Amino acid sequence: MTVFYLVAFLAIFFALMTIFTKNPVHSVLYLVITFFTLTIHYILLNAQFLAVVNFIVYMGAIMVLFLFVLMLLNLNKESEPMKSNFVKIMGAIAGMCLIATLLGAFRVIEPNNQMVVGNEEVGLVKNLGKVLFKEFLLPFEISSILLLTAMVGAVLLAKKDVKKV
Amino acid sequence: MGAIITLSVLGILVLYLGLYKAKNALLPVTLLGLLVAFGFTVADWNKDATPLFNGMVYFDKFALAFSMLCIFITALILLLSKEYFRNISEHVAEYYCLLVFSLTGALIVTAYHNFAMLFIGIEIMSVALYILVGIRKYDKASNEAALKYFLMGAFSTGFLLFGIALLYGASGTFDLEGLRNYVLTAGEISPLFYAGVLLMLCGLCFKIGAAPFHFWTPDVYDGAPILITAFMSTVVKVASFVGFLRLFSMVFVPVSDLWTPVLLTVVIITLFIGNITALMQSSFKRMMAYSSISHAGYMLFALVSISVTSAASMFTYAFAYSLASVIAFAILILVKRETGSDQFESFNGLGKRKPGLALAMTVAMLSLAGIPLTAGFIGKFMMFNQVMGGYNIVLLLLAVVNAAIGVYYYLHVVVNMYFKDADGEMQIQIPTSYKVVLTLAVALTILIGVYPDCVIGLL
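Residues numbered from 1 in each chain as written. Chains lettered and ligands numbered in written order. Predicted model: local features only at pLDDT ≥ 70, side-chain atom pairs only at ≥ 80, totals over all residues.

- The name given to chain B in an unreviewed UniProt entry is NADH-quinone oxidoreductase subunit N, and the organism recorded there is Sphingobacterium psychroaquaticum.
- Its UniProt record gives chain B the following Catalytic activity (unreviewed entry) comment, quoted word for word: "a quinone + NADH + 5 H(+)(in) = a quinol + NAD(+) + 4 H(+)(out)". (UniProt positions renumbered as here; feature names shortened; annotations may be inferred.)

- Per an unreviewed UniProt entry, chain A is named NADH-quinone oxidoreductase subunit J, and its organism is Sphingobacterium psychroaquaticum.
- The UniProt entry for chain A carries the following text under Subcellular location (unreviewed entry): "Cell membrane".

Written as structure tokens, this is what we have:
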């Protein structure tokens, strides 16, 4: 339990740092650490597969992508859009409403809840594979269309049009 | 299920046709594929529906009827596409493929029985559209629309997923049947479930473009190519509504005390924002974008007071609205091709030069405004009837006020067509496929207006 609280504290701390740092590159690096703490959470939950995927895909691939985009965009103070106070106040109110709703919802969660304890083995690769290829076979197969769509689209948008002669 | 498989294969087949440069075969093959998918849907009509694939999809009459509607409208839009895509770029096959995949997503959303399918369906539908919206690569408005749509879509999917996660946390299942059992049998419904319902509501309202989640709609509809706007505002919108209605009528009815006031507020804001902003537009395309927001408000009536007739009302309204939108956008394409602008002024004098086009446009506008003897009237009548059944007199009065505002801006273009003279001489060429689509759509609009039982009886 103590490990959990330590990691949870770190996760929240680094998430806040992600928001509050001025330098976008630092912000991305803090986000990497946040994802790392989440990976530890997955390991604590005995979800090995998720932990590995989170580690490779999010911390590896996606964060590198983030860094590249940041460097290409060349963000600095001058290019930061000015937001009016009205928008800021509205944002704060909306955020507070969301927090109130979620806190109200989460107050019932107890560690000994049947859903929380459940089957401890469920996160292992073997069991995950069984669920994926038995119960969730159809969504698993259909997600191939989603990936194909995204791939066609990416090629379509990125490819240079051949100039007509 | 046959329809979904056919369409998936069709998309890949179309890609291959593009690879082998068989450009003239694209449209016939796609239409043939849609016809086969339609046939599969019709063949399933009288079968007893059971959830298939471990309760992933459920092809009841509700799903089948809306699937047929989506396929039919897509076929009409594809007929309009004949010369359209070729002017934009060389890669015509990919556009057909993306449209077909988007339709596949729409069919999955109409028939889902598990949140995993809902999520994948919505994503397939939207990802294809993010790209289609931005296919005019060198047009700033199109780029902006695509980026905006992508960001807003990703954001709303976040809400949806968070909602799904909370519902799972409360009930331990993604299955609609299981969720319904949870709502009916659980002694005390967990607050997690309530928060989940609200988040799902937000996510789905984003997708259908209801206020206050409508900010992306006008810019995206305005920036996208007209044909894609037509597809977005008909097929995709209808499919999102079906997903919305299925979830709420099947699962959330027992907790309606929680969400009815929220949805009621959303409906009223949507109606007023959509109609009042539409009044002030000078561009026909942008007016249609705002009018689609207000129509989302009317369609939400079926959800505000859910009853056995909700599905039939939604179907009739969606049918009428889609037909009228297709007519309006088809004529806009022709007019814009000639005049190069989508302002109301470019319709000036259309009544004298092309009486046929002007007549079709008039029928579409009357249908959107809800004038009797058109399909739109029947749709509005059924929706208002729905609200009357729930004794929501205030909502009904507000809706009537809004319908009256709607008449004003829909007739604006009719006035331009018949009572204003064009500046210069111009000839609009109407391709045969446009004639077919317009005739069919106008005939159906009037048929439903005169003899509504043919549609209401389906569900």
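This is not the end of the story, as more comes after the structure.
Things to note about the overall build of chain B
Here is step 1 of the chain: Looking only at helices and strands, one finds 21 helices and 0 strands in chain B.
Here is step 2 of the chain: Computed over the C-alpha atoms, the radius of gyration of chain B is 21 Å, within 12% of the 23 Å expected from 2.2 N^0.38 for a compact globule of 459 residues.
Here is step 3 of the chain: Principal axes of the C-alpha set define a box for chain B whose edges measure 75 × 55 × 40 Å.
Here is step 4 of the chain: Burial analysis of chain B (459 residues in total) assigns 56% to the buried set.
Here is step 5 of the chain: When contacts within chain B are restricted to residue pairs at least 6 apart in sequence, long-range pairs at least 24 apart make up 80% of them. (Helix = DSSP H or I, 4+ residues; strand = E, 2+ residues; numbered from the N terminus. Rg over C-alpha atoms; globule rule 2.2 N^0.38 Å. Buried ≥ 20, exposed ≤ 12 C-beta atoms within 10 Å, placed from the backbone. Contact = placed C-beta atoms within 7 Å.)

Re the interface of chain A and chain B
Reports of interface size often rely on the accessible area that becomes lost once the parts have come together.
Here is step 1 of the chain: With 22 residues of chain A at the contact, the number on the chain B side is 32 residues.
Here is step 2 of the chain: For the side of chain A that touches chain B, the element with the highest residue contribution is helix H7 (residues 137-158) of chain A, accounting for 13 residues.
Here is step 3 of the chain: Of the residues in the side of chain A that touches chain B, the class split is 15 nonpolar, 5 polar and 2 charged. (Nonpolar A, V, L, I, M, F, W, Y, C, P; charged D, E, K, R; others polar.)

Some thoughts on unusual backbone geometry
Residues and elements named next belong to chain B.
Here is step 1 of the chain: Residues Ala211 and Pro212 are joined by a peptide bond in cis, for which omega reads 0 degrees.
Here is step 2 of the chain: Following the sequence through the fold, Pro212 ends up in the loop between helix H9 (191-208) and helix H10 (216-223).
Here is step 3 of the chain: Even without being a glycine, Phe53 presents a positive backbone phi close to 50 degrees.
Here is step 4 of the chain: As for its placement among the helices and strands, Phe53 is situated in the loop between helix H2 (23-43) and helix H3 (61-80).

Description of the environment of Thr270 of chain B
Residues and elements named next belong to chain B.
Here is step 1 of the chain: Here Thr270 shows up in helix H12 (residues 256-279).
Here is step 2 of the chain: Taking C-alpha positions, Thr270 is 27 Å from Ile333, a pair spaced 63 residues apart along the chain.
Here is step 3 of the chain: Look past the residues within four positions of Thr270 in its chain and what remains in contact with it is Ala210, Ala211, His214, Ile293, Ser294, Ala296, Gly297 and Leu300.

As for the domain arrangement of chain B
Residues and elements named next belong to chain B.
Here is step 1 of the chain: Domain annotation for chain B reports domain 1 (1-251) and domain 2 (254-459).
Here is step 2 of the chain: Distance from the C-alpha centre of domain 1 to the C-alpha centre of domain 2: 22 Å.
Here is step 3 of the chain: The partner domain 2 presents 45 residues to the 43 residues of domain 1 that form the contact.
Here is step 4 of the chain: Looking at the side of domain 1 that touches domain 2, the elements with two or more residues in it are H3, helix H8 (176-185), H9, H10 and helix H11 (226-250).
Here is step 5 of the chain: Examining the composition of the side of domain 1 that touches domain 2, we find that 13 residues originate from one element, H11, more than from any other. (Domains from an automatic or database assignment.)

Overview of the UniProt feature "transmembrane region" (unreviewed entry) in chain A
Residue and element names in this part refer to chain A.
Here is step 1 of the chain: Per the UniProt entry, the sites bearing "transmembrane region" (unreviewed entry) are residues 6-21, 28-45, 51-73, 85-109 and 136-158 in this numbering.
Here is step 2 of the chain: Across residues 28-45, the secondary structure splits into 94% helix and 0% strand, with the terminal C-alpha atoms separated by 26 Å.
Here is step 3 of the chain: Span residues 136-158 is 96% helix and 0% strand, its end C-alpha atoms 33 Å apart.

Details of the UniProt feature "domain: NADH:quinone oxidoreductase/Mrp antiporter transmembrane" (unreviewed entry) in chain B
Here is step 1 of the chain: Per the UniProt annotation, the sites labelled "domain: NADH:quinone oxidoreductase/Mrp antiporter transmembrane" (unreviewed entry) are residues 114-405 of chain B.
Here is step 2 of the chain: Structurally, residues 114-405 of chain B is divided into 80% helix and 0% strand, and its ends, taken at the C-alpha atoms, are 40 Å apart.

What about H10 of chain B?
Here is step 1 of the chain: Burial analysis of H10 of chain B places 6 of its 8 residues in the buried class, the great majority of the element.
Here is step 2 of the chain: In the core, the buried residues of H10 of chain B are packed alongside helix H6 (115-133), helix H7 (140-171), H11 and helix H13 (284-299) of chain B.

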